[in-house]
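Take a look at the letters that make up each chain.
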Amino acid sequence: MTAAATQVEEKPPTGLSAEQVAARAAAEGPNTVARPRPRRLAARVGAQLADPLVSLLLAAGAVTAVLGDWPDTVIIALVVCLNTAIGVAQQVRADRAIAALDSLTAPTARVIRDGHETVVPAADLVRGDLVRVEAGDIVPADMLLHDSYRCQADESALTGESVPVPRPAGEELSAGTVLVTGRAVGTVVRTGPRSALGRIATLVASTTSGPTPLQRRLAHLSRILGATVVVLCLVVFAAGVAAGRPVLLMALIAVSLVVAAVPESLPAVVTLALALGARRMARHRAIPRDLHAVETMGSVTVVAADKTGTMTEGRMTVRRAIAAGADVTVNGTGYEPTGAFAPAAPLPPPLLDLARAALLCSDATVLAPTSDKPAWTAVGDPLEAALVTFAARCGMDPAQVRHDAPRLAEHPFDQATRQMTTVHADGDTYLTICKGAPETVLSAPVVVDDPATDAARQAAGQLAAAGFRVLAVAAGRFTQPSSPLAPTGLRALGVVGVEDPLRPAAAATAGAFRQAGIRLMLITGDHPATAAHIGAQIGIWQPGEPVGVGDHPEQAGQVHVFARTQPEQKLDIVAALQGAGQVVAMTGDGVNDAPALRRADIGVAMGGGTEVARQAADLVLVDDDLATITAAVAEGRRVYDNIRRFLRYGLSGGAAELAVMLVGPFLGLGVPLLPGQILWINLLTHGLPGVAMGAEPAEPAVLRRPPRPPGEQVLGAGLARSVLVLGALLTAVTLLCGVYAAARGWPWQSMVFMTLGLAQLGVAVAVRATRTPGNRWANPGLLAAVAVSAVAQLAAVMLPGLRTLLGTEPLTGTQLAVCAAGALLPGLAAGLWRIFGPRPATGSR
């Protein structure tokens, strides 16, 4: 017998008692490592002030202070303080949202306590706990191994070495390492900060994440805008001086225009939009592990989805069993051990032999209902849990069967061979069992020219064509225990057809992806006939279309269904899709899926999958439902739309302020706005209303339009043109109002000030998301912010103190009515264009 054939423990362990667990938890604390330290307030404020746009404000404030213009210095200080306060508040809100999402994806551990196996949060482990781990698990604490079956650990997280290390019984597994093959049972010896991972985590707890790709692109845009604005303001300054205006006045105007023209609230808007998007995704049971996932979901063009648990319900059950000519249909619900057979006659011995062998060659268990979990639940691989349930429905006691035929050796399931082999002591003989894919089990391990082998092959083809996932089982009795590594001389016992019912909404979900311009691909390890059957059911495959195989990733651009695909082959499929310019979301749940999840633009892990997959992913689906991805895509598009919405609003207002100052003198308006007035408008329009735009609801057609092209710029898809048009409208009505007021001998400068401020607030209302009966009162904060800002704008010409600070004059009711009438026009034009103008392919209007 080889080293892989490790002896199993004869006496089942009982683990700690509940009293022991409580006492040790109280004495030693939770099994958690040091978390990154939260950023201090000073660091958060510094980060806000370091933004390129805010840096321009600081420079402008310094210039006004040097020039002795204290009123404008105060206003600039108010703008900076308000923007910084909003930005810090949104950062804190985003950090809290992500921390809350992390708690929803906390790892779990399989532990034996009071003689029963259960699943608990890894943070609840204590020293002395008896823990089971298997391939795909992240080791939850430092463990001393008692039993080890072909156990190899990836310890690169601790040592930097990428080659898996064998860990036999008697050695330790360190917390944070990954079990890549085999399984093991061990006792926890160190937890939390005392574990190997905890000691390292303490040293790196100050690590923080960087900005998202969208934030980096917007920071680049901010630098370009800042440089452009500075150049234009220098032009205003030179033109004013050339016209004989005082140098000091023109310097103040130029500085004020710099302040007014830059959308300094942009960082706060982005942070708020991403944080709200993450929280809304979580409500849909899609947990983003960082803010990058929120923004990227909106641009996904291909979703490469696994079948099991994603397209299907993830509750596997044996529906057909064929052995020695006997063919029965199995009825039952979930993992309940009761069921019925058709035909209902007593089951023939070959079928009972098939069920018993499948049970012995499985590691999963099925837990009875509890107060917390009212249904029978699987612990371990769901496919193996279906085999355990099948045996129970055949009248067997799984625990007793395993006790009567103890396992002596095993070769765990191998993705390369797609089979698992175990060796058992069964009475006076030794029983070798092999189960797995029919293509491999019904070849080398069995007697090839046996009629039972031919019959099993035909039955496997019949079940695959019917859409079942097919497992073949072979066994042989010997007088001596054989090696599980290369079994031979076995006899085919039969095949089982395992059904994982399609989710009721699977076809509708596929249709929703199609309507959203997203291509849905099915990638599975099943037989091509099974994969094609499932693809046809959900509407992504038609008879006569090719079915791809994992060995040929270059087919990714031509097929919608991939069969017989190994997890590691998904990496090549993702690379082929990305090479064709696609933005790929890949789903997965196994340890071998982790490289593909990392390579994809968005890695989507199933909540019930391995911890390795969840840690490698950007998004975790708590309910394992593919329909949840459509909700996440909608949120991603909503975030991007709201950022573009703010840019349309903020940049058009800034452009109008620049244009008014440039064109006004040529129309007889010498200095259209004083520095303080420019800053006041900026304070009211770019402050609360701008930030509130980040919470706008999604457009009604958000999932009825194609995704934005991957290379599209933030100001692309007509946004730059829209900014210029809106800026021109704002400029036109403001200057017309000023010229009209000057002709009538009215206080034209104060009317220019009032019209421009109110007109920008009108645009804020006009560019809101389209309202429907379902979201008519969504985001009331935006209307409230506009109302507060409008009142403050009116106060600037009505309150004596503000009039002195800003240099305004009181306006009569008629004059205010003229300003209000002119201010309504840009927003009204923007609203009419949204209704009657051509609809853009992407983004919001």
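Structure report, in brief. Each chain has its residues counted from 1, running along the sequence as written. For this predicted model, a pLDDT threshold of at least 70 governs which residues receive local features, and a threshold of 80 or more governs which side-chain atom pairs are given and counted, while totals over whole chains, interfaces and linings are taken from all residues. Side-chain figures throughout are based on the complete set of non-hydrogen atoms in the structure, without hydrogens or water.

With that settled, the discussion passes to the overall build of the protein. The helix and strand inventory of the protein stands at 29 helices and 25 strands. Across the 845 residues in the protein, those meeting the buried criterion constitute 53%. Note on areas: these come from Shrake-Rupley sampling with a 1.4 Å probe, and a residue is covered only by the protein chains present in the view. Total accessible area on the protein is roughly 33700 Å²; 62% of this is exposed by carbon and sulfur atoms. Strands here are runs of E lasting at least two residues and helices are runs of H or I lasting at least four, both read from the DSSP assignment and numbered beginning at the N terminus. Throughout this description, buried means an accessible area under 20% of the type-specific maximum (1.4 Å probe, protein chains only), exposed means over 50%, and partly exposed covers the range between.

Position of Asp-450 relative to the elements: it lies in the loop between helix H15 (438–441) and helix H16 (451–465). Since its relative accessible area comes to 12%, Asp-450 is described here as buried. Side-chain polar atoms of Asp-450 contact the backbone nitrogen of Ala-452, separated by 3.0 Å. A polar atom in the side chain of Asp-450 sits 3.1 Å from the side chain of Arg-491. Throughout this description, a polar contact denotes any pair of N or O atoms lying within 3.5 Å of each other; where both atoms belong to protein, one of them has to be capable of donating a hydrogen while the other can accept it, and for residues adjacent in sequence the pair is counted only when both atoms sit in side chains.

Between Lys or Arg on one side and Asp or Glu on the other, a salt bridge is scored when a side-chain nitrogen of the former is within 4 Å of a carboxyl oxygen of the latter. All told, the structure shown has 25 salt bridges when counted by the stated rule. A salt bridge links Glu-117 to Arg-132; the nearest nitrogen and oxygen atoms lie 2.9 Å apart. Linking Glu-117 in strand S2 (residues 116–121) with Arg-132 in strand S3 (residues 130–134), this pair joins segments that are 15 residues apart in sequence. A relative accessible area of 27% means that Arg-132 is categorised as partly exposed. Its salt-bridge partner being Glu-410, residue Arg-407 comes within 3.1 Å of it at the nearest N-O pair. Per residue, the accessibility class of Arg-407 equals that of Glu-410, and both read buried.

Reading across from one edge, S8-S25-S24-S23-S9-S20-S22-S21 is the order of the eight strands in this open sheet, with mixed pairing throughout. In this open sheet, the two edge strands, each paired with only one partner strand, are strand S8 (286–288) and strand S21 (548–549). Pairing between strands is defined by DSSP: at least two bridges between the two strands are required. Note: strand S23 (residues 584–588) against strand S24 (residues 602–606), four bridges, orientation parallel. Its bridge partner being in S24, Ala-585 is matched across the sheet by Ile-602. In what follows, a contact means two residues having at least one pair of non-hydrogen atoms within 4.5 Å. Comment: axis = line fitted to C-alpha atoms, over the contacting stretch for helices; angle = value between 0 and 180 degrees taken between N-to-C directions. Against the sheet, helix H19 (residues 569–579) makes contact with strand S9 (302–306), strand S20 (519–523), strand S22 (561–563) and S23, and its axis sits at roughly 170° relative to S23, the strand it touches most.

Once that is clear, we can look at the packing of aromatic side chains. Two rings belonging to Phe, Tyr or Trp (six-membered ring only in the last case) form a pair when the distance between their centres is within 6.5 Å. Interplanar angles under 30 degrees mark stacking, angles over 60 mark edge-to-face geometry, and anything in between is tilted. Tallied over the full model, the rule gives one aromatic pair. Definition used: whenever NZ (Lys) or CZ (Arg) falls within 6 Å of the ring centre and also within 35 degrees of the ring normal, the charge is taken to sit over that ring. Taking the ring centre of Tyr-640 as reference, the NZ or CZ of Arg-708 above it sits at 3.7 Å.

This paragraph deals with the pairing of strand S15 (residues 407–414). Across the eight residues that make up S15, a large majority, seven, are buried. Sheet topology note: the S15/strand S16 (residues 419–426) ladder contains five bridges and is antiparallel. Paired with Arg-407 across the bridge in S16 is His-424. Joining the antiparallel neighbours S15 and S16 is a turn of four residues, in which Arg-418 adopts a positive phi near 55°.

In this section: helix H25 (residues 719–744). Multiply 1.5 Å by the residue count of a helix minus one, and that product is the helix's expected span. In this model H25 runs 38 Å from its N-terminal to its C-terminal C-alpha over 26 residues, within 8% of the 38 Å that 1.5 Å per residue would give. Listed as buried for H25 are Leu-719, Val-723, Leu-726, Gly-727, Leu-730, Thr-731, Val-733, Thr-734, Leu-735, Cys-737, Gly-738 and Ala-741. Once H25 ends, the next one or two residues include Gly-745, with phi positive near 75°.

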